[in-house]
Amino acid sequence: VDSKTILGVVFFVALERGIDAIFKSNGIEFPAMLAGTIVLFATMIFAHIGFGKGEGIYQMVKPGADLLAKWLPVFFVPGLATLPLASSVG
């Protein structure tokens, strides 16, 4: 595992933990991992449209995303399974 992969994984973990802390401090019951996906997608779209930097962000997170994709069921399924339990959704 190279340093770019580790940096990408650390980015994703920090993003999810940060969003989770914000949600908990504001009493929001929504899976932070799904919100992180939305935030990252929106950031890449706006960065690409507004500044032409979407490809740079993609290249930064791709190695970590590739590693995490191998473990996707372990990380993503619990968030989807608890989504209907969120009072703001269901």
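Everything in this summary refers to the structure shown in the same document. (Residues numbered from 1 in each chain as written. Predicted model: local features only at pLDDT ≥ 70, side-chain atom pairs only at ≥ 80, totals over all residues. Heavy atoms only, no water.)

Estimated volume of the largest pocket: approximately 690 Å³. In this structure, the largest pocket is lined by 21 residues; those nearest its centre are Phe12, Met33, Thr37, Leu68 and Leu72. Among the elements of the structure, helix H1 (3–25), helix H2 (32–51), helix H3 (54–70) and helix H4 (72–82) are those that each provide at least two residues to the lining of the largest pocket. Take the lining of the largest pocket: its biggest share by element is seven residues, from H3. A per-class count over the lining of the largest pocket returns 15 nonpolar, two polar and four charged. (1 Å grid on protein atoms, 1.4 Å probe; cavity = no way out; pocket = protein on both sides within 12 Å on 5 of 7 lines; lining within 4 Å. Points joined across faces, edges and corners; volume = space filled by probe spheres on them. Helix = DSSP H or I, 4+ residues; strand = E, 2+ residues; numbered from the N terminus. Nonpolar A, V, L, I, M, F, W, Y, C, P; charged D, E, K, R; others polar.)

The axes of two packed helices give the description: the angle between them and the distance between them. H3 packs onto H2 with a crossing angle of 140° between their chain directions and a minimal axis gap of 7 Å. The angle between H2 and H3 places the two elements in the oblique class. Listed contacts from H3 to Thr43, Met44, Ala47 and His48 of H2 are Gly54, Ile57 and Tyr58. Split by residue class, the contact of H2 with H3 holds four nonpolar, three polar and no charged. (Axes fitted to C-alpha atoms, helices over the stretch in contact; angles between N-to-C directions. Parallel < 35°, antiparallel > 145°, perpendicular 65-115°, else oblique. Contact = heavy atoms within 4.5 Å.)

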